[in-house]
Amino acid sequence: MDFNPLFYPESMAVIGVSLTHDRHPANVIFSKNLLRYPVRIYGVNPKGGVYMGQKIYKAISDVPERVDLAVIAVKADVVPVVLEQCIAARVGGAVIISGGFAETGRAELQRQCTSMAKRAGFPFVGPNCLGIYIPSRVDTLFLPTERIIRPEVGNVALVSQSGGVLVDQMLRFAEEDVGLSIGISIGNKAVIRETDLIDYLGRHEPTRVIVFYIEGFGENEGRRFVHAAWGCPKPVIVLKSGKSSRGALAVSSHTAALAGDYAVFSACLSQFGVIEAKSESELVAFCEALSCYQKSIIGKIAIVTGSGGHGALAVDLCSKFGLGVPGFSNELRERIRQRLSTSIRSIASLANPLDLTGSAVDDDFVEAVAELSRNEEVDCILLLLLPYLPGITADIGARLSAVYRREGKPLIAYVPHEDKYMMIIEGFELNGIPVAPSVESSILMASALKRCQVC
Amino acid sequence: MEPAAKGLLREAGMDCPDFVWARDLGQALGFATQKGFPLVAKVVSPKAMHKSDVGGVITGINSMQELRDAYSTLSRIDGFAGAIVEETVQGIELILGANIDFQFGPVVILGMGGVAVEIYNDTIIRMAPLKEKDVDSMVQGLRGRPLLEGFRGKQPVNMEVLRKAVVRFSRFVVDIQGYMESIDINPLICNSKRCVVADARIVLKKE
């Protein structure tokens, strides 16, 4: 099946547009795409008429061109008929928004749609989903534009079994400046499932990181998923819900007791190099790090800080997440010392963490990071940057980013996420350096680079 | 039950200790005459899911008299259908198990075995089939790894033998996945020479 017409439509029909009810999902989708997106849009309703000044067609076959994407938002019972009409009209693919299928016990109705689509080689997303969001291309999320928070255009693809989780992650991505390449809510996944999307997104040019929110797989589907992820050239991250189910069931053997659903899920993911995020905050940190760097590290971390306390916290967290914080050689210490301002040479601690003290200025950070970037003793630099130090200026983010551009050693910054520090944060982020909102999050970012096997 | 499970595992190429399924005391004593001591005696009973829970495992049997006493003790257990009398192998107790997972199909677990396995839960799960290097990474992940590597002057476990046993077992599980629900080899006793299936149970698929 060719997913391109579905995800990159030039033309789109919204089937089920109401002539009277502005907040009907079909109407929300119709109006936002009409007003804000470049796709050519056609409304369909058996009654015909005019809506928002646009002609509404009585059937998909009346639409004056062969459309790429049909968004179906009609009652569940009517969906098979509409699907048949779309296939007959040689539509490229569909998003079925309608609920009332397997999730409400009507598995047979869903099976009918699945077999129809498979027979015709007709790809559709859903049913019971929000559909797709591609920045500045198309948006089938039936939530009014003014209500949702949209992340920047970027390179992370987000695939979610739950539409709500997709929208919520988009908000988090926007908060943390993680850019999105495509967002897909797959709902009941009657035709297009996670494994199909690994194959598609593995070849999807704008995507560099693939993220899934998964509630559960069908029989043996987890096996196919991890095999597909193993063959995928891009990092795959999974957030799983339903970790605690079935715990209380009586089981027949030691092995069955030890190999519970979630334990197996987690073990199989890691066996095949899929990065599991255990929480939403881990997920955002992993996405931000891997969207900046597709370069794996062994985990020899240099910590550069202006505060001894932050350095000590970071060392503890590195140990918790299996990252090394090697001591620097005497030669490296001396090289760094030579480059520091004379005023801090005698007070800076040249161990790892490298504590430049509260008297450090921009130049000290830049020089120390440059020296560490050229040294093989470390493979990633954590920068605990405290913007309230008097010697730090708004330029430091952009200046340190330039060091990365020149030397190529991954740099991860922690800067408290406050409005007044935004110019520092953007100095990093707009130049491709990830910035964490907490020390812990910066270490999660480093651990993502260590766990990335395809990087 | 244990004898059938061991029979199947032996067919699959696993190292099982010599044993007899004695339906009467005479058969038990005959085996002892042939093999010598020490021996272990275990109840065979369809009603005993975990034999040690019903006092159905007697280890360290060192004489004919001790064997007679053991046999008589076991014969009083509910559902008694004879006793397994088996040569004793010394070593570290591991668990090697398999389960058919709904989402991921056949999976293998390897870890520290014995009766307290669920309490310490020091086990690693992998999707079958496994390669030899998977076995190394599983052992790497065990908290009990130093015990396998020769803790406090003890002989280390023969990793070559363990690797082969786990890989062979994982292939066996893939082959019979349509017929089984789970397998416990607990303990799998490993020493510097052998990895021996000291006890095993296969739960077949219902239907």
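Going by the structure above, here's the rest.
What comes next concerns the included structure. Please read all numbers here as calculations on a predicted model, not as lab measurements.

**Some points on the overall build of chain A**
In terms of helices and strands, chain A carries 17 helices and 19 strands. Principal-axis analysis of the C-alpha atoms places the extent of chain A at approximately 80 × 60 × 30 Å. Each of the 455 residues in chain A was classed as buried or not, and the buried ones make up 59%. Here the contacts in chain A between residues at least 6 apart in sequence split such that 74% fall between residues at least 24 apart. Roughly 18100 Å² of accessible area belongs to chain A as shown, and the carbon and sulfur atoms make up 50% of that amount. Positive and negative side-chain charges in chain A, numbering 45 and 48 respectively, have mean positions lying 5 Å apart.

**Things to note about the overall build of chain B**
Looking only at helices and strands, chain B has 7 helices and 10 strands in total. For 207 residues, the compact-globule estimate of 2.2 N^0.38 gives 17 Å, and chain B sits close to it at 17 Å. For chain B, the spread of C-alpha atoms along the principal axes amounts to about 50 × 45 × 30 Å. Burial analysis of chain B (207 residues in total) assigns 49% to the buried set. As displayed, chain B offers around 9800 Å² of accessible surface, 53% of which is attributable to carbon and sulfur atoms.

**Overview of the environment of A:Ile237**
Residue and element names in this part refer to chain A. Its place among the elements puts isoleucine 237 in strand β13 (residues 236-240). Residue class for isoleucine 237 comes out buried when judged on its relative accessible area of 0%. As a C-alpha pair, isoleucine 237 and leucine 290 span 53 residues in sequence and 9.7 Å in three-dimensional space. Non-local contacts of isoleucine 237, meaning those with residues more than four positions away in its chain, are made with Val209, Ile210, Val211, Phe212, Ile275, Ala277, Leu283, Phe286, Cys287 and Leu290.

**Some remarks on the packing of helix α6 (residues 194-203) of chain A against helix α7 (residues 221-231) of chain A**
All names here are of chain A. Packing of α6 against α7 brings their axes to within 9 Å, and their N-to-C directions diverge by 10°. What the angle tells us is that α6 and α7 run roughly parallel. Contact residues: α6 offers Glu194, Thr195, Ile198 and Asp199, while α7 offers Glu221, Arg224, Phe225, Ala228 and Ala229.

**Quick look at the sheet that holds strand β3 (residues 49-51) of chain A**
All names here are of chain A. Spatial strand order, β3-β4-β2-β1-β5-β6-β7: 7 strands in an open sheet with mixed pairing. Lying at the two open borders of the sheet, with one neighbouring strand each, are β3 and β7 (124-125). Where strand β1 (residues 11-15) meets strand β5 (residues 69-72), 4 bridges bridge the pair, whose relative direction is parallel. Each bridged residue has a counterpart across the sheet, and for isoleucine 15 the counterpart in β5 is isoleucine 72. Contacting β1, β2 (40-44), β3, β4 (54-57) and β5, helix α2 (residues 25-36) crosses the sheet at an angle of about 155° to β2.

**What about the pairing of strand β7 (residues 123-127) of chain B?**
Residues and elements named next belong to chain B. Among the 5 residues in β7, 5 count as buried, and that is most of the element. Here β7 shows a buried face lined by Thr123, Ile125 and Met127 and a second buried face lined by Ile124 and Arg126. Note that strand β6 (residues 105-112) and β7 share 5 bridges and pair antiparallel. Along β7, the bridge assignment pairs glycine 111 with threonine 123.

**Observations concerning helix α9 (residues 261-271) of chain A**
Residue and element names in this part refer to chain A. With 8 of 11 residues buried, α9 lies mostly within the body of the structure. What α9 keeps buried is the set Tyr262, Val264, Phe265, Ser266, Ala267, Cys268, Leu269 and Gln271. A positive phi of about 75° marks glycine 273, the residue just after α9.

**Digging into the state of the cysteines**
Overall, the coordinates contain 1 disulfide over all chains when judged by the stated rule. The residue that forms a disulfide with B:Cys190 is B:Cys195, at a sulfur-sulfur distance of 2.4 Å. Since a negative S-S torsion denotes a left-handed disulfide, the B:Cys190-B:Cys195 link at about 115° is right-handed. Residue B:Cys190 is classed as buried on the basis of its relative accessible area, which comes to 2%. Looking at the unpaired A:Cys129, the closest cysteine sulfur is the one in A:Cys113, lying at 12 Å. Classification of A:Cys129 as buried rests on a relative accessible area of 5%.

**Description of the interface of chain A and chain B**
The partner chain B presents 31 residues to the 27 residues of chain A that form the contact. Of the roughly 2300 Å² buried where chain A meets chain B, counting both sides, 59% is carbon and sulfur surface. In terms of surface lost to chain B, no three residues of chain A exceed A:Arg223, A:His254 and A:Leu258, which account for 31% of the buried area on that side. The interface formed by chain A and chain B holds 0 salt bridges in total. Of all elements in the fold, only α7, α8 (254-258) and α9 of chain A reach the threshold of two or more residues within the side of chain A that touches chain B. Considered class by class, the residues forming the side of chain A that touches chain B number 13 nonpolar, 10 polar and 4 charged.

**Details of the pattern of salt bridges**
Residues and elements named next belong to chain A. Counted by the stated rule, this structure contains 30 salt bridges over all chains. Measuring nitrogen to oxygen at the nearest pair gives 3.1 Å for the salt bridge that ties arginine 111 to glutamate 108. Residue arginine 111 and its partner glutamate 108 are located together in helix α4 (residues 107-120), separated by 3 residues, close to a single helical turn. In this pair, the class of arginine 111 matches that of glutamate 108, namely exposed. For arginine 406, the salt bridge identified is with glutamate 407, shortest N-O distance 3.7 Å. Overall, glutamate 407 belongs to the partly exposed group, its relative accessible area being 26%. It is possible to trace a salt-bridge network through shared partners that takes in Glu331, Arg335, Arg339, Glu367 and Glu371.

Quick notes on the rules
- Residues numbered from 1 in each chain as written.
- Chains lettered and ligands numbered in written order.
- Predicted model: local features only at pLDDT ≥ 70, side-chain atom pairs only at ≥ 80, totals over all residues.
- Heavy atoms only, no water.
- Helix = DSSP H or I, 4+ residues; strand = E, 2+ residues; numbered from the N terminus.
- Buried < 20%, exposed > 50% of the residue type's maximum accessible area, 1.4 Å probe, protein only.
- Contact = heavy atoms within 4.5 Å.
- Areas by Shrake-Rupley, 256 points an atom, 1.4 Å probe, with all protein chains shown as cover.
- Lys, Arg positive; Asp, Glu negative; His and termini not counted.
- Charge placed at Lys NZ, Arg CZ, Asp CG, Glu CD.
- Rg over C-alpha atoms; globule rule 2.2 N^0.38 Å.
- Axes fitted to C-alpha atoms, helices over the stretch in contact; angles between N-to-C directions.
- Parallel < 35°, antiparallel > 145°, perpendicular 65-115°, else oblique.
- Pairing = 2+ DSSP bridges.
- Disulfide = S-S within 2.5 Å.
- Buried area = accessible area lost by both parts, 1.4 Å probe.
- Salt bridge = Lys/Arg side-chain N within 4 Å of Asp/Glu carboxyl O.
- Nonpolar A, V, L, I, M, F, W, Y, C, P; charged D, E, K, R; others polar.

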